[in-house]
Amino acid sequence: MSDQKRLFLVDAYALIFRGYYAFIKNPRINSKGLDTSAIMGFMNSLLDVIKRERPDHLAVCFDKGGSADRVEMFEAYKANRDETPEGIKTAIPHICEILKAMHIPIMVKDGYEADDVIGTLSRQAEKEGYKTYMVTPDKDFAQLVTENIFIYRPVFGGGYETWGIEEVKKKFEVENPLQVIDFLGMMGDSSDNIPGLPGVGEKTAKKLLAEYGSMENLLANTHELKGKMKEKIEGAKELGLLSKKLATIMLDVPVTFHAKDFELDQPDLPKVTEIFQELEFRQLLANFEKTFAVEATSSETTSASNTTELKATPKETASAGAGQFSLFGGDISTSKETETISEFTRKTAETTSHFYQSVASGMATKLFIKNLMNQTSVCFDTETTDINPLVAELVGIAFSWEVGKGFYLPFPENKEEAQELIEQLRPFFENESIQKIGQNLKYDIKVLAKYHVEVKGKLFDTMLAHYLINPDMRHNMDVLAETYLNYTPISIENLIGKKGKNQLSMRDVPLEKQTEYAVEDADITLQLKEHFEKELGEANTQKLFDDIEIPLLRVLAAMELEGINLDEKFLNSLSEQLENDIKDLETKIYAEAGETFNIASPKQLGDILFDKLKLVDKPKKTKTGQYATSEDILSYLAKDHAIIQHILDFRGLSKLKSTYVDALPTQVEPSTGRVHTDYMQTVAATGRLSSNNPNLQNIPIRTERGRQVRKAFIPRSEDYILLAADYSQIELRIIAALSKEETMINAFKNGEDIHASTASKVFNVPIEEVTREQRSNAKTVNFGIIYGVSAFGLSNQTDLSRSESKELIDTYYATYPKLRNYMSELVDFARDNGYVQTVLGRRRYLNDINSRNAVVRGAAERNAVNAPIQGSAADIIKIAMINIYEKLQTGNFKTKMLLQVHDELVFDVYKPELETIKTLVKTEMENAYKLEVPLDVELGIGNDWLEAH
DNA sequence: TGGCGCTCCTA
DNA sequence: GTAGGAGCGCCAA
C-alpha cells in the first residue's frame, strides 16, 4: 500500500440496485414481511470493500431529487426510468440508519445526482493529494478517471477491478477518459435516457470517435459522412450537443471534502447490532463483527479456516461452519443459504450429522486404499480444475460407501506426484468386482482416462437412473438431492464463485472446504443410488438401465475422448470465400434498400422491408409485434423483389460462416488437435442423444454450399478412411412393423422405394409411373405420419390446398388402415396409462394427454405417436453402438467409432480393416433389434464426411 | 452479464 | 406436425 491517502466514494444507489437484483429470484423477506434484499446486498458490498481495501477515508453518496439542471435541459431525461422498486424505497432509511451507526458520512445534495457529487469530491480530494476510488458498477464514471482517480468496479462472481486511465482507454477505445463523454453522447444511454445520435450504437460511436475525436468535431464535419447516416446526423446536431451535455458529470456541486469527516473510524457496534437484529441479519452481523474485530486488533490474524495439514477432521453437526464460509467473499450466497434453512427446514451439511474426512498422504493413504479395496460397492466423485475433462486436472477424489460418511483424497498439483497417487488407486478403479457409483460417470471416466486409468466393474450412474425414472425432470445433483432427499448440498458457487473470469479453481479452495463439498457429493450420490435402485425395479426400466444406458456410457466416453480430425485450412479458405460473397451481397442490399443497416437484425430488416420499401400491404407480425422475416415468409416475396433473394442468400451464408465455418476451428481441442463433442445422454425426452460443444448432429447437408462443411471432417491420417453407416428409413420401418401394416411391411421386404410405393398406392398408379411430384407428396405424408399429421401442416409443407391435403391423408389412411389403428391405439394407451413406450420399454410420460385444452391435448397426442417411433429408433441404434464398440474392443481393431447422428454412425477406419469393418458394422446395425421389417443400412466411404455419404 | 426471441441447421 | 443446439440481436430492471 502506498503512503498516499486513499478515499473511497461509494455510489449508493448503483450498489443498492445491484444488491437488490442479485436477490431478485429469491428475495429476502424477514419474518416481519420486510424485503431486505437491497439492504443485505448493499451491506455485503460495503463490508466487502472495507475488508478488502481497508480505506482510511470513505463516504457514501446518494442522489436527491434528481438533477434539476438536466431535467431543464431535456424534459425526457430519466423520465421513462421505471419507478424505483418498492423493495429499494423501503431499504433506503434502513441503510442510512446503518451508515450513521457505522459513522460513515452520507453525502447528498438536493438537486444533484450521486455522479455529480462523487465527481466534485474526487476532484477536490485530488487537489489535496488523495487517490480516489469511485465504488460503482456504472461505466459513465469512466470520464472522471485521472492519474489519481479510479473506478473500483464490482465484477460478476465477486471481486473488483480497478479502472485507471489505461483501462478506460482500452475499454472505450478512446485517447483520453474525457472522450467517454463524447462516446456516451453519441451512443446514448437508454437507462439514463440520453438520446444519443440516431442510428448510432456502440460500434458506430467508436468508429466516429476514432475519426473525429469529439462530438463537436463530428458535427462540424458531417459533410464527410455518407448516405443515410449523413442525413440522420445532420438532422440531429442539436440533439447531439444536448446528449453530450446530459452525459457530462458535473464537477461544481456545492459540496466540500473535509478530510477529517471522511475518516473511517470504529462503528457504534451496539447500535449496529441492534439494527441487524431487528432486520434479522444473523449472518451479516457475524461477518460485520469479524470485519471490524480484525480492524481493531492487528492484521496478523490468521484465517480460522486454515486447516491443520491433512489432518482428519471429523465433524458432527458442524455449527462453526457458517461463520467460516463468510470470512472471504461469497457472503451473499452463504448468508442466503443459511437463511434458507430457517425458511424451509431443508437439511444441509450444517444440520445433518456426518463424518467427512480428508486423507493425509503417506501411510494414511495406504491404509485408506486397503480399506477401499475391501468394499463391494463404492460411490466416488472426482474434483478437478475444469469442466472440460480433456484439460481437467485432478484436485481430489471423494469416496463414500456408507451413508453420512466418506473420505476425500486430495491430489498434488505436481503431475508426476498426481500420477503416482492415481497409480495407488488403479487397483480399485480397475477392479471388476467392486461396483462404482457416481453422478454423471461419463465425466469421471473421461478424466481418469486422461490418467490412463480405466474404470472397470459394474456401474451405477444416478443421473442416468433418474433419466429413465423421470425423463422430463432435470437431473443435476442439487435438484435430485432436494427432491428425493430433502437436502440442499453446498453449492459449487459458494466455493469457487459464480462463473466468469473471477471464478476460482477448485485448487484454490481450502482443503477443509474441498472435503466438505466433495464428500458431501459422494455421500448424496450414494443415498440417491439407494433411492433410485428401488424405483428402477419397475417394468423394463432396470433392463434399459443395465443393458443400454450404462454400457452406452462407456461407449460415448470413448467416442468423445477420440474426437474427430478437422481440416482447419480448408475451413479457413471456405471462410474467406464466404466473407467475400457476404460483402458483395451486403453492398447490393444496401444499394437496394437505399441505406445501411444491420441485416442480421430481424427488427431492423423488418422495418426496412415493410415500413420503408413497403413490399407488402399487410405484413405478418411475430408475437412480440415485430415484422416476421423468417425464411418461409421471405421466400414468397423473393420472385418479386431482388432484395429478398439477396437477403435470403446473405442469411444463409452468414449462418454458415458464423455457426460452422468459423466456429468449428475454435472448438478444436489444442491438446489433441481434434474436435470432441459432448453427447448428452439425459436431455432428449424420447431417448435420443444430443450433441454439443460443438453440436455435430446438425452439420449442413441439404444445400450445396452448406454441405461443403462436411469436407472438413477427415480421417486421422492417410492410413485411415471415413465410413458412414446410415439406417435407411428406420422410423418408417418401425411404424410399419409396430402397426403390422402388411402393405408397408411388404414394400420394405421387397426393397421398394417406400415413398414411390406409397405414391403408387395412394394415387393409384403403377409404381413405375409415379411422378416426381407424387413421390414428393407421398414422402411428405410419410414423414408427417411420424410427426402426427394434420391437414393444415401438410398443406403448409406442400403445394396442396387444405382440402387436397385432407383428401390425401384420408386416402393414405385408407391405404394403410392398420397404421391408423395403431396410431389411435397409442393415443388410447397414453390416455389410460399416462405414458407411451418404446420397443425396449423406455417411457415418455404425457401429462397433457387428457387436457381439456384442445391445443395442448393435440400436442400430447402427437407426442404419443412420435415418441415410441423416434424413441425406438434411438433404442436400436444404441444397441448397435454398444455391440459394435464391444466387437471393436475385443477384436483389437484400430478402427474407432467417432460420431452418432441419430440414424447414422461415423467411423475412422484403419484401411487394412476396411472390409471386415464394413461387414461388422452393417451386420451389427441391421441385427441390433429384430422387427417384422428388415432393417437396412447403407454404407459409404470417403476421405471426408461428405464423400462418405 | 444473462435471458429471451428469432432464425436456421440436423434427423 | 416430432426431437434437438447455436448464433445473433436486443433489452434488461
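In the nomenclature of an unreviewed UniProt entry, chain A is known as DNA polymerase I of Mariniflexile gromovii. UniProt, in the comment section headed Sequence similarities (unreviewed entry), describes chain A in these words: "Belongs to the DNA polymerase type-A family." What UniProt records for chain A under Function (unreviewed entry) is the sentence "In addition to polymerase activity, this DNA polymerase exhibits 3'-5' and 5'-3' exonuclease activity."

(A) Examining the overall build of chain A more closely. Scanning chain A for helices and strands turns up 40 helices and 24 strands. Every one of the 949 residues in chain A was classed for burial, and the buried ones make up 53%. Here the contacts in chain A between residues at least 6 apart in sequence split such that 68% fall between residues at least 24 apart. In the structure as shown, chain A presents an accessible area of about 43600 Å², 49% of it carried by carbon and sulfur atoms.

(B) Expanded view of the layout of surface pockets. Taken as a whole, the second largest pocket spans an internal volume of roughly 1900 Å³. In terms of lining residues, the second largest pocket is bounded by 47 residues, among which Arg702, Lys779, Phe783, Tyr787 and Asp903 are the most central. Among the elements of the structure, strand S19 (720-727), helix H32 (730-739), helix H35 (772-787), helix H36 (791-797) and helix H39 (854-890) are those that each provide at least two residues to the lining of the second largest pocket. For the lining of the second largest pocket, the element with the highest residue contribution is H35, accounting for ten residues. Residues belonging to the lining of the second largest pocket are distributed by class as follows: 16 nonpolar, 18 polar and 13 charged.

(C) A look at helix H25 (residues 541-562). Here H25 spans 30 Å end to end across 22 residues, near enough to the 32 Å set by a 1.5 Å rise per residue. Backbone geometry just downstream of H25 places Gly563 in the positive-phi region, at approximately 70 degrees.

(D) Here's a closer look at the packing of aromatic side chains. Throughout the structure, instances matching the rule amount to 31 aromatic pairs. A centroid spacing of 5.1 Å and a plane angle of 75 degrees characterise the contact between Tyr812 and Tyr816, whose relative ring orientation is edge-to-face. Its relative accessible area of 1% is what places Tyr812 among the buried residues. Through a chain of ring-to-ring contacts, the aromatic side chains of Phe368, Phe380, Phe399, Trp401, Phe407, Phe428 and Phe429 assemble into a single cluster. Note that Arg710 overlies the ring of Trp945, its terminal NZ or CZ placed 4.3 Å from the centroid. For the cation-ring pair, Arg843 lies above Tyr835, with the distance from its terminal atom to the ring centre recorded as 3.9 Å.

(E) Representation of the protein's contact with DNA strand B. Within the structure, DNA strand B sits among 23 residues, and Thr629, Glu631, Asn698, Ile701 and Arg702 are positioned closest to it. In DNA strand B, the atoms that sit within 4 Å of the protein are 84% sugar and phosphate, with bases accounting for the remainder. In the environment of DNA strand B, a phosphate oxygen lies 3.1 Å from a nitrogen or oxygen atom belonging to the side chain of Arg651. Within the side chain of Lys655, a nitrogen or oxygen atom sits 2.9 Å from a base oxygen of DNA strand B. Sorting elements by how many residues they give to the surface near DNA strand B places helix H29 (residues 642-661) first, with three residues. Here the residues of the surface near DNA strand B sort into eight nonpolar, seven polar and eight charged.

Reading guide: rules and limits
Residues numbered from 1 in each chain as written. Chains lettered and ligands numbered in written order. Predicted model: local features only at pLDDT ≥ 70, side-chain atom pairs only at ≥ 80, totals over all residues. Heavy atoms only, no water. UniProt positions renumbered as here; feature names shortened; annotations may be inferred. Helix = DSSP H or I, 4+ residues; strand = E, 2+ residues; numbered from the N terminus. Buried < 20%, exposed > 50% of the residue type's maximum accessible area, 1.4 Å probe, protein only. Contact = heavy atoms within 4.5 Å. Areas by Shrake-Rupley, 256 points an atom, 1.4 Å probe, with all protein chains shown as cover. 1 Å grid on protein atoms, 1.4 Å probe; cavity = no way out; pocket = protein on both sides within 12 Å on 5 of 7 lines; lining within 4 Å. Points joined across faces, edges and corners; volume = space filled by probe spheres on them. Nonpolar A, V, L, I, M, F, W, Y, C, P; charged D, E, K, R; others polar. Expected span 1.5 Å × (residues − 1). Phe/Tyr/Trp six-rings, centres within 6.5 Å; stacked < 30°, edge-to-face > 60°. Lys NZ or Arg CZ within 6 Å of the ring centre and 35° of its normal. Near = heavy atom within 4 Å. Polar contact = N/O pair within 3.5 Å; in protein donor to acceptor, adjacent residues only side chain to side chain.

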